[in-house]
Amino acid sequence: LNVVVELIQDQPDQTGCSALAGFLDYCFDSTFPLSGMLSHLSLCPFSLCSRRGGLMWRLRRILIWVLGIYIAIPVIIKLCPAIQAKLVFLNFVRVPYFIDLKRPQDQGLNHTHNFYLQPEEGINIGVWHTVPTVMWREAQARDPEWFDKSFQSNHPVILYLHGNAGTRGGDHRVQLYKVLSSLGYHVVTFDYRGWGDSEGSPSEKGMTSDALFLYQWIKQRIGQKPLHIWGHSLGTGVATNLVRRLCDRGTPPDSLILESPFTNIREEAKSHPFSMVYRYLPGFDWFFLDSITANDIRFASDENVKHISCPVLILHAEDDTVVPFQLGKKLYDLAAQSKSLNGHKVQFIPFSSALGYRHKFIYKSPQLPNILRYVLYTLQTAAICTFSQCSVLTKQFSNIHLIFWV
């Protein structure tokens, strides 16, 4: 067998293989042609080379297709900026699927009322109102009028502004509503126009208008009772837009809470994991970031904090890969230098990466209720956090580092 293989290697062309196989058939008078066996066993180097050549050609074709797609994507986005807007909002991604937003009780919120409001003619948006847990039993089988009057209770209210993708019924959002409700807050949340079962098309201006409408709607019902604004991810951009507008009018909220915030949409888009394959492509800003700006999408929280005049609390996980931790810290640093926030408390609470809270699981922190009780209380009762207060809080939350600015 070794001699046969060596002879075939000396004659690597198809002719040599066939001639040698025929010669061996003649010499050994085989009952079946050895040439057929050689072909079947693929001992012929010519066959091996052909197969390698075919594989290499297929690999080259795949590589050309991948390269073509890689080049085509930025060109298509530049020519059709509306695609980039869809990627920013992701309002078409409805997770979890098949959820009935008219039935919040299916998500474990049986003290929540679903209803619809009309911020503009022809646009209805879906809203959830979750009453404090202490009112849970009283809320069973109640009509909309009861929920509306429940705002007259002494409990404070949080207006929650969710991020992109999903709906007001997203699991991590529902879990946060439960935490806030257990702390004695009314929680009002909604889907911006174009999200969930809300009508209309998404835009930064429309999202901010919807938030302002809900804020005023709540304020009409609670009067002077505390009203806090909580934004998460993309919702932090909506929240700073809203609060800047309120502060410019001289009617700031009681506090602004930003969970996993960014500085502005351009920096966030450049830091997002999806941009990794294009981040170092020449013309990245022109292809991708300018396409976002062309849709009038800015979410400039770094500019907004210069006009905000109410207490601010920032929460961010160090292992957040969607909105990198450094963007939240940078926003805090900018807020700390803002003249408009002079005299107001600005606090930044990072969560260690060892906790694994990433982008949307800060609600899991067993310390979150204590943090909110302490911080929201001090935000409302004092403009200065003394050294002794900071020391006590730091000792209480040994696994959370606190950075304060006065």
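Data block above holds the structure.
Okay, so let's go over this structure.

### Some remarks on the overall build of the protein
Okay, so step 1: Each helix and strand in the protein was counted, giving 16 helices and nine strands.
Okay, so step 2: When the 406 residues of the protein are sorted by exposure, 49% land in the buried category.
Okay, so step 3: Residue pairs in contact within the protein that sit at least 24 positions apart in sequence constitute 74% of those at least 6 positions apart.
Okay, so step 4: When the accessible area of the protein is evaluated, it comes to approximately 20000 Å², of which 59% is carbon and sulfur surface.

### Considerations on the pattern of salt bridges
Okay, so step 1: Per the counting criterion, the structure on display carries 14 salt bridges.
Okay, so step 2: The shortest N-O distance in the salt bridge between Arg168 and Asp191 comes to 2.7 Å. Here the residue Arg168 occupies a position in the loop between β3 (157–161) and α8 (171–182), and Asp191 occupies one in the loop between β4 (186–190) and α9 (204–222), the gap between them amounting to 23 residues. Of the two residues, Arg168 and Asp191, both sit in the buried class.
Okay, so step 3: A salt bridge links Glu303 to Lys306, with the nearest nitrogen and oxygen atoms 3.5 Å apart.

### A few points about a nonpolar patch on the surface
Okay, so step 1: There is a patch of nonpolar side chains on the surface, built from Leu55, Met56, Leu59, Ile62 and Val66 and spanning about 470 Å² of accessible area.
Okay, so step 2: Along the polypeptide, Leu55 turns up in helix α4 (residues 45–79).

### Considerations on unusual backbone geometry
Okay, so step 1: Residue Pro96 is bonded to the preceding Val95 through a cis peptide linkage, with omega at 0 degrees.
Okay, so step 2: With respect to the helices, strands and loops of the structure, Pro96 is situated in the loop between α5 (81–89) and β1 (112–120).

### Observations concerning the packing of α5 against helix α12 (residues 284–294)
Okay, so step 1: The interhelical angle for the contact between α5 and α12, taken along N-to-C directions, is 85 degrees, at an axis separation of 8 Å. Taken together, the axes of α5 and α12 are roughly perpendicular relative to one another. Here Pro81, Gln84 and Val88 of α5 come into contact with α12, specifically with Phe288, Ser291, Ile292 and Ala294.
Okay, so step 2: When the residues that make up the contact of α5 with α12 are grouped by side-chain class, the tally is five nonpolar, two polar and no charged.

### Here's the deal with the packing of α9 against helix α10 (residues 234–248)
Okay, so step 1: Two elements in contact, α9 and α10, have axes whose closest approach is 9 Å; the angle formed by their N-to-C orientations is 60 degrees. For the element pair α9 / α10, the angle class is oblique. Crossing of α9 against α10: the hand is right-handed. Contact residues: α9 offers Glu204, Met207, Thr208, Ser209, Ala211, Leu212 and Tyr215, while α10 offers Leu234, Val238, Asn241, Leu242, Arg245 and Leu246.
Okay, so step 2: Partitioned by chemical class, the residues of the contact of α9 with α10 number eight nonpolar, three polar and two charged.

Cut-offs applied
Residues numbered from 1 in each chain as written. Predicted model: local features only at pLDDT ≥ 70, side-chain atom pairs only at ≥ 80, totals over all residues. Heavy atoms only, no water. Helix = DSSP H or I, 4+ residues; strand = E, 2+ residues; numbered from the N terminus. Buried < 20%, exposed > 50% of the residue type's maximum accessible area, 1.4 Å probe, protein only. Contact = heavy atoms within 4.5 Å. Areas by Shrake-Rupley, 256 points an atom, 1.4 Å probe, with all protein chains shown as cover. Salt bridge = Lys/Arg side-chain N within 4 Å of Asp/Glu carboxyl O. Patch = residues over 30% accessible without salt bridge, like charges linked within 9 Å, V, L, I, M, F, W, Y side chains within 5 Å. Axes fitted to C-alpha atoms, helices over the stretch in contact; angles between N-to-C directions. Parallel < 35°, antiparallel > 145°, perpendicular 65-115°, else oblique. Nonpolar A, V, L, I, M, F, W, Y, C, P; charged D, E, K, R; others polar. Left-handed = near helix turned anticlockwise from the far one by under 90°.

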